[in-house]
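# Structure at a glance
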Amino acid sequence: MAFLASLTDPTLTATTALRSENIGLFPNPAHGRVSVQVPALNGLATLTVLDALGRAVRTQAAPANARTVLDLGGLAPGLYAVRAEAGGTATTQRLVVE
């Protein structure tokens, strides 16, 4: 008696880890809105704009391998951070709002 089996482990699928150099953030400095380019990933990324004290002031889902526009209306001018999280990894980039 013979058997042929194929086993796959879904945790071994190839994905792109989020790294700051993989995230496009423009224009920076920004006025009113900023475009965020997220690399090809499995599923959605979560974008969070953090103020200088680390508090979340905006959160938005972003499709992988696409440009997403974040509305910055109502934010005071200053230094912020944009954190992108997906697939168990996260990265942060600085953003200047004028």
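Refer to the structure presented above.
First things first, this report covers the structure right here in the doc.

## Examining the overall build of the chain
- The number of helices and strands found in the chain is zero helices and seven strands.
- The helix and strand sequence of the chain, counted from the amino end, reads β-β-β-β-β-β-β.
- Relative to its 98 residues, the chain shows a buried fraction of 31%.
- The contacts of the chain with a sequence gap of at least 6 include a subset with a gap of at least 24, amounting to 50%.
- Entry remark: accessible area of the chain is about 6300 Å², with carbon and sulfur atoms responsible for 55%.

## As for the side chain of Thr 48
- Among the structural elements, Thr 48 can be located in strand S3 (residues 44-50).
- For Thr 48, the contacting residues outside a window of four places in its chain are Ala 56, Arg 58, Thr 59, Ala 81, Val 82, Arg 83 and Glu 85.

## A short note on the nonpolar core
- Ranked by size, the top nonpolar core spans 19 residues in total, and within it Val 34, Val 36, Leu 47, Leu 70, Leu 72 and Leu 95 carry the most contacts.
- Elements with a minimum of two residues in this core: strand S1 (24-31), strand S2 (33-38), S3, strand S6 (78-86) and strand S7 (89-97).
- Tallying contributions element by element places S6 first for this core, with four residues.

## Looking at unusual backbone geometry
- The omega torsion of the bond from Phe 26 to Pro 27 falls at -10°, within 30 degrees of zero and hence cis.
- Looking at the element boundaries, Pro 27 is found in strand S1.
- A cis amide bond links Asn 28 with the next residue in sequence, Pro 29, at an omega value of 15°.
- Checked against the element boundaries, Pro 29 lands in strand S1.

## Some thoughts on the pattern of salt bridges
- Within this structure, the stated rule accounts for two salt bridges.
- Close ionic contact of Arg 83 with Glu 85 constitutes a salt bridge, the shortest N to O distance being 3.1 Å.
- Residue Arg 83 is classed as partly exposed on the basis of its relative accessible area of 28%.

## Focus on the pairing of S3
- Of all seven residues making up S3, five are buried, and the element is well covered by its neighbours.
- In terms of strand pairing, S3 meets strand S4 (residues 56-63) through seven bridges, oriented antiparallel. Counterpart to Thr 46 in the pairing with S4 is Ala 61.
- The sheet contact formed by S3 and S6 spans five bridges and is antiparallel. Note on S6: the bridge partner recorded for Val 49 is Val 82.

## Focus on the side chain of Thr 68
- Examined against the element boundaries, Thr 68 turns out to sit in strand S5 (residues 66-71).
- Leave out the neighbours within four places in its chain, and Thr 68 touches Val 34, Ser 35, Val 36, Leu 47, Gln 60, Ala 61, Ala 62 and Pro 63.

Conventions adopted
Residues numbered from 1 in each chain as written. Predicted model: local features only at pLDDT ≥ 70, side-chain atom pairs only at ≥ 80, totals over all residues. Heavy atoms only, no water. Helix = DSSP H or I, 4+ residues; strand = E, 2+ residues; numbered from the N terminus. Buried < 20%, exposed > 50% of the residue type's maximum accessible area, 1.4 Å probe, protein only. Contact = heavy atoms within 4.5 Å. Areas by Shrake-Rupley, 256 points an atom, 1.4 Å probe, with all protein chains shown as cover. Core = buried A, V, L, I, M, F, W, Y, C linked by side-chain atoms within 4.5 Å. Salt bridge = Lys/Arg side-chain N within 4 Å of Asp/Glu carboxyl O. Pairing = 2+ DSSP bridges.

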